[in-house]
Amino acid sequence: MDLEKIILIYPRREGRILGKGQGSPYTLMRLASLVPDALPVEIWDEDVAPLAFERLGARDLVGITSKTLAIDRAKEIAAAIRKRGSTVVVGGTHATLAPEEVMQWADITVVGEAYHTWPQIIRDVANQTAQNVYVDTEWTSLDGVARLSDRVIKMVDEHRRYWTPYMEITRGCPRDCHFCTAIRVSGKVMRLRPIDEVVEEIERRRLKRFFLTDDNFGLNFRTNPDYVVKLFEALAKLDLTGWTAQAEMMVGNFPELLQLAHRAHLEKLFIGFESINADNRRDLGGKSKGNVAEYQRVIRAIHQHGIGVVGLFVLGLDGDTIQVFENTLDFVRESELDSVSFTIMTPYPGTELRREYIAQGRLLLNEPWSKYDTAHVVFKPAQMTVEQLRRGYDWVCRQAYSSSSILTRGVRALSRHSPSQYQRRVFSSFSTDFGYRKTVSYRDREPDFRWRTPARLNP
Ligand code: B12
Ligand code: SF4
């Protein structure tokens, strides 16, 4: 069969923010770049525009990317597409973690990275020899893999249509936190993209700012310092406004690298402190130990080099009682964090955590996948009721994301820069907190959630 076109779909979640999509569809841009030049390819991002099902026919191949929280929408989209006779391929996080579920409604299910299987699928569908499942969990080298093509860069037009461009420099994480899905999607081997390819991509995409998709970029400070030095030297030469990355707190122990990072235009590090409660030590995967004095030291050490710190905290771990909410908020207020994110512990499919909850009879079995957005409780906490965790989380978010709290943190973050930098930094000083506030506000749809009404912590 001669394929007519390939469509790649990102199912709706956030919608647009002030007319633009939140972040560029980087996953789909990489996959679209693997489509042979002779075949037309399009990216349909449902957050940015409604899906044009009427344009699909029997000779089209449609790929859908999947996160757990959007999988029900992906399923609806697949059904609509199959009615038009097109072939549906589903890959990404949820397809990798729960392939047996996705196989029930997709023509083809893709497990793992598709850098090698996706081109194979295109060939097999054209030859009518496609299988139901393709698995790629070899975690092969990233050298020269899925370089963004010019036609894809032009088609996506990310500067005009999106607020945040994404970029991958390293992939994987050798730690094995029992709640983490990222390692099951990106592998446990840390892989590094060649620095000349990274620089070439930044220049060709004309990026000034970007958010790294790397799950634990900071770990490279310890495991691959030579690579990090060379990367920072190369980035320092570029005309960048600033970039952000995820890291664990031990980056605070590498002052020379932080100094170089600042020169390389690193603007903010998202640090997984995870919990201020030392009773959770066992669950924190060895990277943070609930030692708040150490957290404060690390925040100061990073700030000293002119780099901002976004603190990431998880609530509802087994050591948490209702006291954790006030204690976390107190820590956030006392620390000089630039922005904060709170998530509720979430037992994603494929994780050790989920297996534990199931074995202990603690998983709430009737919750839909859409509630796996880290802002809903989908399990029974060990030392609280479901309702207490829910209300406590609401309360922390309402306090921390009130307009005055966001303003205080944003102004403080801005004041760390020289006045000549204010104009450049004003957007990023406030955007992270507002982004998180928007994520939490999905809860607005629930009748008893109000931004301004104080919640009772102890119902
Ligand atoms: C960047 C990122 C984001 C960005 C979004 C980027 C975007 N436009 O999609 C932001 C910061 C907005 C974000 C938000 C959230 N994220 Co996020 N995010 C990531 C991260 C770090 C990297 C993803 C990425 O772009 N990787 C680079 C690209 C090139 O690789 P890839 O996406 O893995 O795609 C490859 C394969 O999966 C496969 N593939 C993917 N799709 C398809 C489709 C087809 C057809 C095929 C053939 C193959 C295929 O091929 C690709 C090439 O190898 C992942 C962690 C991870 N390692 O996956 C978490 C991750 C996906 N996020 C996660 C979560 C939980 C969230 C949030 C709920 C967090 C929160 N509390 O706000 C929100 C949800 C927002 C939403 N709308 O879905 C979880 C998902 C868990 C799950 N089971 O669904 C992950 C796995 C991290 C984690 N905590 O474990 N996220
Ligand atoms: S350190 Fe982060 S990316 Fe690595 S396994 Fe733990 S949670 Fe996952």
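Residues numbered from 1 in each chain as written. Chains lettered and ligands numbered in written order. Predicted model: local features only at pLDDT ≥ 70, side-chain atom pairs only at ≥ 80, totals over all residues.

Participant: Looking at this structure, how should I read the site of ligand 1?
Facilitator: Taken together, 41 residues sit near ligand 1, with Gly 63, Thr 65, Thr 68, Gly 91 and Gly 92 positioned nearest. Among the secondary structure elements, those contributing two or more residues to the shell around ligand 1 are strand S2 (21-23), helix H1 (26-32), strand S4 (60-66), strand S5 (87-92), helix H3 (93-97) and helix H8 (182-186). The leading source of residues in the shell around ligand 1 is H1, at four residues. Here the residues of the shell around ligand 1 sort into 17 nonpolar, 16 polar and eight charged. Viewed by domain, the shell around ligand 1 spans two of them, domain 1 (5-136) and domain 2 (165-445), each represented by three or more residues. (Near = placed C-beta within 6 Å. Helix = DSSP H or I, 4+ residues; strand = E, 2+ residues; numbered from the N terminus. Nonpolar A, V, L, I, M, F, W, Y, C, P; charged D, E, K, R; others polar. Domains from an automatic or database assignment.)

Participant: Just checking my understanding: could you explain the sheet that holds strand S3 (residues 41-45) for this structure?
Facilitator: Within a sheet, neighbouring strands are paired by backbone hydrogen bonds and run either parallel or antiparallel to one another. Here six strands make up an open sheet; going across it, the order is S3-S1-S4-S5-S6-S7 and the pairing parallel. Among the strands making up the open sheet, the edge pair consists of S3 and strand S7 (133-136). With direction set aside, neighbouring strand axes in the sheet form an average angle of 20°. Sheet contacts for helix H5 (residues 117-126): strand S1 (5-10), S4, S5, strand S6 (108-112) and S7; angle to S7, the most-contacted strand, approximately 155°. (Pairing = 2+ DSSP bridges. Axes fitted to C-alpha atoms, helices over the stretch in contact; angles between N-to-C directions. Contact = placed C-beta atoms within 7 Å.)

Participant: Before we go on, may I ask you to explain the packing of helix H11 (residues 225-236) against helix H12 (residues 255-263) in this structure?
Facilitator: At a minimum axis distance of 8 Å, the contact between H11 and H12 shows a crossing angle of 25°. In this view, H11 runs roughly parallel relative to H12, as classed from their interaxial angle. Pair H11 / H12 crosses with left-handed handedness. Of H12, the residues touching H11 (which contributes Pro 225, Val 228, Val 229, Phe 232 and Ala 236) are Leu 257, Leu 260, Ala 261 and Arg 263. Of the residues contributing to the contact of H11 with H12, the split by class is eight nonpolar, no polar and one charged. (Parallel < 35°, antiparallel > 145°, perpendicular 65-115°, else oblique. Left-handed = near helix turned anticlockwise from the far one by under 90°.)

Participant: Sorry, what's going on with the domain arrangement of the protein here?
Facilitator: For interface size, the figure often reported is the accessible area lost on association. What the domain assignment lists for the protein is domain 1 (5-136) and domain 2 (165-445). Computed from C-alpha atoms alone, the centre-to-centre distance between domain 1 and domain 2 is 28 Å. With twelve residues of domain 1 in contact, the opposing surface of domain 2 contributes 16 residues. It is H3 that provides the largest number of residues to the side of domain 1 that touches domain 2, a total of three residues. A per-class count over the side of domain 1 that touches domain 2 returns six nonpolar, five polar and one charged.

Participant: Got a minute to help me understand the sheet that holds strand S16 (residues 339-344) in this structure?
Facilitator: Read across the open sheet, the six strands follow the order S9-S12-S13-S14-S15-S16; overall the sheet is parallel. Either end of the sheet is taken by a strand with one partner, and the two such strands are strand S9 (166-167) and S16. Across six bridges, strand S15 (residues 308-315) lies against S16 in parallel orientation. Within S16, the residue paired with Leu 312 across the bridge is Ser 341. Taken strand by strand, helix H16 (residues 386-400) contacts S15 and S16, and its axis lies near 170° from that of S16.

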